[in-house]
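Analysis of the macromolecular model
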Amino acid sequence: MEHAFRAVPNGTIRLQAATVAGAAPLLAGFPAGGGCQVRIWNRGSVPVSIEFGGKVDMPLPVAPTSSTGGAQRIPPGAVEVQTLQTNQRHVAVLAASGTPDVEVTVGGGL
């Protein structure tokens, strides 16, 4: 049986992709003592790289190249769901150009 993603009340934040480190906000509505899922929506017109971590001053994501690994890329307009660990309460987003909006919603069910 499939389940639908259920957002927690007031669990969505909208971010502009950053170009400087030290600005990884805390996810809204993250449950105490456990991991959760997040739905990521790249509202912009360019790809973004996204990482989740444990502190506000986490480094910016590293964009993947043909020869090195990097952060997950989210194409323009895409919606993706990820399962986070209990220590991944902050999010950092990087865009190669511009400052596209990205919405991250905390929830569960998938």
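A brief look at the structure comes next.

The rules behind these values
Residues numbered from 1 in each chain as written. Predicted model: local features only at pLDDT ≥ 70, side-chain atom pairs only at ≥ 80, totals over all residues. Heavy atoms only, no water. Helix = DSSP H or I, 4+ residues; strand = E, 2+ residues; numbered from the N terminus. Rg over C-alpha atoms; globule rule 2.2 N^0.38 Å. Buried < 20%, exposed > 50% of the residue type's maximum accessible area, 1.4 Å probe, protein only. Core = buried A, V, L, I, M, F, W, Y, C linked by side-chain atoms within 4.5 Å. Pairing = 2+ DSSP bridges. Axes fitted to C-alpha atoms, helices over the stretch in contact; angles between N-to-C directions.

Here's the deal with the overall build of the chain
Of regular secondary structure, the chain possesses 0 helices and 7 strands. Scanning the chain from its N terminus toward the C terminus, one meets helices and strands in the order β-β-β-β-β-β-β. A compact globule built from 110 residues should have a C-alpha radius of gyration of about 13 Å, and the chain, at 13 Å, falls within 12% of that. In terms of principal-axis extent, the alpha carbons of the chain reach across some 40 × 30 × 25 Å. In the chain, which comprises 110 residues, the proportion classed as buried is 36%.

Quick look at the nonpolar core
Judged by nonpolar contacts, the single largest core of 21 residues is most densely connected at Leu27, Val38, Ile50, Phe52, Val91, Val93 and Val104. When contributions to this core are tallied by element, the ones reaching two or more residues are strand 1 (6-16), strand 2 (36-42), strand 3 (48-53), strand 6 (90-95) and strand 7 (101-108).

Side note on the sheet that holds strand 5 (residues 79-84)
Taken together, the 4 strands give an open sheet; going across it, the order is 1-7-2-5, and neighbouring strands pair in antiparallel fashion. The sheet terminates laterally at strand 1 and strand 5, the two strands that pair on one side only. Here the strands of the sheet are splayed against their neighbours by 25° on average, with no regard to which way each runs. Across 6 bridges, strand 2 lies against strand 5 in antiparallel orientation.

Notes on the environment of alanine 28
Locating alanine 28 in the fold gives a position in the loop between strand 1 and strand 2. Linking alanine 28 and glycine 69, residues 41 residues apart in sequence, is a C-alpha distance of 29 Å.

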